Protein chains: 2
Amino acid sequence: MKIAIIGAGAVGAWYGARLALSGHDTHFVLRSDYETVTRDGYRLRTAAGEERLFPVNTHRASATVGVCDLVVIALKATANDKFAELVTPLVGPNTTVLTLQNGMGNTEKLAALFGMEKVMAGLCFVCLNRTASGVIENFHAGRIAFAEGAGPATDRTRTVAKAFEDAGVTVSIADSHEEILWKKLCWNVPFNGLSIAAGGITTDKIMASPELVALSRSLMEELRAAAKARGFAISDKFIEAQFTVTRDMGAYKPSSLIDWLEHRPVEVDAIWGEPLRRGLAAGIPMPHLTTLHALLTALCK
Amino acid sequence: MKIAIIGAGAVGAWYGARLALSGHDTHFVLRSDYETVTRDGYRLRTAAGEERLFPVNTHRASATVGVCDLVVIALKATANDKFAELVTPLVGPNTTVLTLQNGMGNTEKLAALFGMEKVMAGLCFVCLNRTASGVIENFHAGRIAFAEGAGPATDRTRTVAKAFEDAGVTVSIADSHEEILWKKLCWNVPFNGLSIAAGGITTDKIMASPELVALSRSLMEELRAAAKARGFAISDKFIEAQFTVTRDMGAYKPSSLIDWLEHRPVEVDAIWGEPLRRGLAAGIPMPHLTTLHALLTALCK
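The structure presented is a predicted model; accordingly, all values stated were derived computationally and were not measured.

Where helix α12 (residues 287–299) of chain A meets helix α12 (residues 287–299) of chain B, the axes come as close as 8 Å, and the angle between the chain directions of the two elements is 50°. By the angle class used here, α12(A) and α12(B) are oblique. The way α12(A) lies across α12(B) gives a crossing that is right-handed. Residues A:P287, A:H288, A:T290, A:T291 and A:L295 of α12(A) lie in contact with α12(B), whose contacting residues are B:P287, B:H288, B:T290, B:T291 and B:L295. For the contact of α12(A) with α12(B), a count of residues per class yields 4 nonpolar, 6 polar and no charged.

Have a look at this one:
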């Protein structure tokens, strides 16, 4: 496949390099990392060692890439206003546009430009760090859950997931993107959010505070009620599991906390704003999320 | 009257000095300001100029003061665990113990030690700043609303209020301390709280954020519902007035924000914890306050 990677931060670079290493004609549209990656390629580090991708098909703009079979979007959701400029030159009649982004509302924004039938989503349950220009580290394998932008999985979903699987990525396939999105938000909303709103703390500090654990649970319950109103069930067991995995993470810095500490834009609208709007529109009161969203809006200005 | 001032920060020093200037035998129990105030006295500054109290009856401990007619408590509520040590030596059979402290629960803690019949409360609607050791500034006259710790105003309430009035203080008398406390919290809970939780911002920044204004209103509505469940009505007009006065304040730093910025203890339990407990105990859900309280507990550790 001819593949373009838009937004080559940790997630885009990692999966793009994996796809390139497995033989796909993969093109990276880069800004700040253009010189380094053109000169030195990508280094992918795991506990098992380092893999290198060199040379890399680097581009300064989408126009020189041309139409692709698959466009992988790993931009911060705060840059979604660049979709038209960055993605349009890559899309032809048979292109699939795959968002690997955080938060809610990305597929709808892509669909508004390219039609929902072109849009797929992959939710990344992984911890990737860009430790230097061109250097990405991953010490926890993780997985991507693929789904159509709307509707159940199709042959196309399975084909794209298979390409990632063949590139060494653990994949799963879901029949509803929105369902797994609500579930992922059950972690991101409390833990990304409280790590910022409680003053810039790691997840172990959240777990050590009875007040913040109780608040995390209230936020999850609101998301669960909103998901239910939208037709998606989230089990008690799933809610409990969020605390169990978090307890095992130790002093973890959620990605939004890192963005905030480094004075980069935080995906407030995608992670907190859109689920809040969707829940309220479905008639679910979400006072805890309303409070957290208002504070994050002020804190992440 | 023989009067002791316990907790001579801005509030204690100001009102204590006013009482001394009006002729009362007033004693100040001091820690950090002992030397300066003993040597230089108090300077009270207003737009009209400066008044000076010198000499001042200063003490390092309550024991050398002895039993008083009136004990004025202006400690931070975070120091309430010192009541037994600081107040007991001052209390005889006919002593009135008057708390001028912020927040809810102070009268009950004093009553547990001395009996509610000895306890009075004065809610200070004023902006006082201690700009240096022994120097207190006040550019807004303000007032104190006096009430019995429990029950309606009595002759004793009026006698104490009159002493303050004769010392140049604007006073009012209320038949329920708890009622005016809920009302004062309608300002302190949102504005002191959000000024910290939104990252250390002045009240004009809160008023400039539609999300934070909406959140302030939700917090006030929860307090109003809790007050109602406790038997106290708060009018729409009163709620609106909180926004009007805040708009007129400009870039104001609530006292809790100043404490927080200067790494001093913040009165989290008195301002947010106790009204939350009281509201929940009365069967009122308070999700916005629950969220804010959890975050402040973490932020003010």
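We now examine the sheet that holds strand β9 (residues 128–132) of chain A. Residues and elements named next belong to chain A. Ordered in space as β4-β3-β10-β9, the 4 strands form an open sheet in which the pairing is mixed. Edge strands, defined here as strands with exactly one partner in the open sheet, are β4 (49–53) and β9. For this sheet, the mean angle separating the axes of adjacent strands, direction not counted, is 25°. Across the sheet, helix α1 (residues 10–21) lies against β3 (42–46), β4, β9 and β10 (135–138), angled at about 100° from β3, the strand it touches most.

Here we take up the pattern of salt bridges. Per the stated rule, a full pass over the model turns up 44 salt bridges over all chains. With a closest N to O distance of 3.0 Å, A:R278 and A:E274 form a salt bridge. Here A:R278 pairs with A:E274, and both are found in helix α11 (residues 268–281), just 4 residues apart, close to one helical turn. Each member of the pair, A:R278 together with A:E274, is buried. For B:D40, the salt bridge identified is with B:R39, shortest N-O distance 3.1 Å. Classification of B:D40 as partly exposed rests on a relative accessible area of 26%.

Applying the stated criterion across every chain, the model contains 12 aromatic pairs over all chains. Considering the side-chain rings of A:F28 and A:Y42, the 5.1 Å spacing of their centres and the 55° angle between planes classify their relative orientation as tilted. Within this pair, whereas A:F28 is found in strand β2 (residues 25–29), its partner A:Y42 is found in strand β3, the two being separated by 14 residues in sequence. For the pair formed by A:F28 and A:Y42, the shared burial category is buried. When the ring of B:W187 is compared with that of B:Y252, the centres are 6.1 Å apart and the planes differ by 65°; the resulting orientation is edge-to-face. In this pair, B:W187 sits in helix α6 (residues 177–197) while B:Y252 sits in the loop between α9 (236–249) and α10 (255–261), placing the two residues 65 residues apart along the sequence. These aromatic residues form a ring-pair network of at least three members: A:W187, A:F191, A:F243 and A:Y252. Of note, B:K183 hangs over the ring of B:F238, and the distance from its end group to the ring centre comes to 5.4 Å. Across the ring face of B:F125, the terminal group of B:K184 is positioned such that the distance to the ring centre comes to 5.8 Å.

Residues and elements named next belong to chain B. The mixed open sheet is built from 4 strands, whose spatial order is β4-β3-β10-β9. At either margin of the open sheet sits one strand with a lone partner, and together these are β4 (49–53) and β9 (128–132). With strand direction ignored, the average angle separating the axes of adjacent strands in the sheet is 25°. Where strand β3 (residues 42–46) and strand β10 (residues 135–138) come together, 3 bridges link them in parallel fashion.

Residues and elements named next belong to chain A. Domains assigned within chain A are domain 1 (2–175) and domain 2 (179–299). Relative to domain 2, the C-alpha centre of domain 1 lies at a distance of 25 Å. The interface of domain 1 with domain 2 comprises 16 residues on the first partner and 18 residues on the second. Together, the buried faces of domain 1 and domain 2 total about 1,500 Å²; carbon and sulfur atoms form 64% of this surface. Summed over the shared surface of domain 1 and domain 2, the result is 2 salt bridges.

This next bit is on the relation of the copies chain A and chain B. Rotating chain A by 180° about the axis while translating it 0.0 Å along that axis superimposes it on chain B, leaving an RMSD of 0.0 Å. Read as a symmetry element, the transformation amounts to a two-fold axis.

A separate point is the confidence of the model for chain A. Confidence along chain A averages 96 in pLDDT terms, with 100% of residues attaining 70 or more. Predicted complex, confidence summary: ipTM 0.85, pTM 0.89.

In this complex, chain A contributes 16 residues to the contact, which on the side of chain B involves 16 residues. The junction of chain A with chain B conceals about 1,500 Å² of combined surface from both sides, 77% of it contributed by carbon and sulfur atoms. In terms of surface lost to chain B, no three residues of chain A exceed A:E211, A:T291 and A:L295, which account for 31% of the buried area on that side. On the surface where chain A and chain B come into contact, there are 0 residue pairs in polar contact (both at pLDDT 80 or more).

Let's shift gears to the environment of B:N106. Residues and elements named next belong to chain B. Positionally, N106 belongs in helix α4 (residues 106–114). N106 gets classed as buried once you look at its relative accessible area, which sits at 3%. For the pair formed by N106 and F83, sequence separation is 23 residues and the distance between their alpha carbons is 9.9 Å. The residues contacting N106, other than those within four sequence positions of it, are A77, N80, F83, T99 and Q101. A distance of 2.9 Å separates the side chain of N106 from the backbone oxygen of N102, its partner in a polar contact.

Describing two packed helices takes the angle between their axes plus the distance from one axis to the other. Residue and element names in this part refer to chain A. Closest axis-to-axis distance for the α11/α12 pair is 10 Å, and the angle between their directions is 150°. In terms of crossing hand, the pair formed by α11 and α12 is left-handed. When α11 is examined against α12, the residues V268, W272, G273, P275 and L276 are found in contact with a partner set consisting of L289, T290, L292, H293, L296 and T297.

Attention shifts here to unusual backbone geometry. Residue and element names in this part refer to chain A. Omega for the peptide link from F54 to P55 comes to -5°, which places this bond in the cis form. Here P55 is to be found in the loop between β4 and β5 (57–59). Phi is positive for H263, which is not a glycine, with a value near 60°. Among the structural elements, H263 can be located in the loop between α10 (255–261) and α11.

We now examine α12(B). All names here are of chain B. The end-to-end C-alpha separation of α12 is 18 Å, in line with the 18 Å expected for 13 residues at 1.5 Å each. Counted residue by residue, α12 has 12 buried out of 13 residues, so it is predominantly covered. Those residues of α12 lying buried are P287, H288, L289, T291, L292, H293, A294, L295, L296, T297, A298 and L299.

About the criteria used
Numbering of residues starts from 1 in every chain and runs along the sequence as written. As a convention, the first chain written is A and the first ligand written is 1, with the rest following in written order. This being a predicted model, a pLDDT of at least 70 is required before a residue's local features are given, and a value of 80 or more before pairs of side-chain atoms are given or counted; all residues contribute to the totals for chains, interfaces and linings. Here the side-chain values reflect all heavy atoms present in the structure, with hydrogen atoms and water set aside. Each axis is a line fitted through C-alpha atoms, and for a helix only the stretch in contact is used; angles between axes span 0 to 180 degrees, taken between their N-to-C directions. A run of H or I in DSSP counts as a helix once it spans at least four residues, and a run of E counts as a strand once it spans at least two, with each numbered from the N terminus. Should an angle fall under 35 degrees it is called roughly parallel, over 145 degrees roughly antiparallel, and 65 to 115 degrees roughly perpendicular, with every other angle called oblique. Throughout, a crossing is termed right-handed when the near helix is turned clockwise from the far one, and left-handed when it is turned anticlockwise from it by less than a right angle. Should any heavy atoms of two residues lie within 4.5 Å, those residues are considered in contact. Residues are grouped as follows: Ala, Val, Leu, Ile, Met, Phe, Trp, Tyr, Cys and Pro are nonpolar; Asp, Glu, Lys and Arg are charged; every other residue, Gly included, is polar. Two strands pair under a simple rule: DSSP has to find at least two bridges between them. Salt bridges are defined as contacts in which a side-chain nitrogen from Lys or Arg sits within 4 Å of a carboxyl oxygen from Asp or Glu. Under the scheme applied here, a residue whose accessible area is under 20% of the maximum for its type counts as buried, over 50% as exposed, and between as partly exposed, the area being computed with a 1.4 Å probe on protein chains only. Centre distance within 6.5 Å is the pairing criterion for rings of Phe, Tyr and Trp, where only the six-membered ring of Trp is used; planes under 30 degrees apart are then read as stacked, over 60 as edge-to-face, and the remainder as tilted. Placement of a positive charge over a ring is assigned whenever Lys NZ or Arg CZ falls within 6 Å of the ring centre and within 35 degrees of the normal to the ring plane. Domains are outlined according to an automatic or database domain assignment. Two parts placed together each lose some accessible area under a 1.4 Å probe, and the buried area is that loss summed for both. Least-squares fitting of one copy onto the other uses the C-alpha atoms of those residues that reach a pLDDT of at least 70 in both copies. One number per residue, pLDDT, summarises how confident the predictor is, and it ranges from 0 to 100. Identification of polar contacts relies on pairs of N or O atoms within 3.5 Å, with a donor-acceptor requirement for protein atoms, meaning one able to donate a hydrogen and the other able to accept it, and with residues adjacent in sequence counted only if both atoms are side-chain atoms. To estimate the expected span of a helix, subtract one from its residue number and multiply by 1.5 Å.

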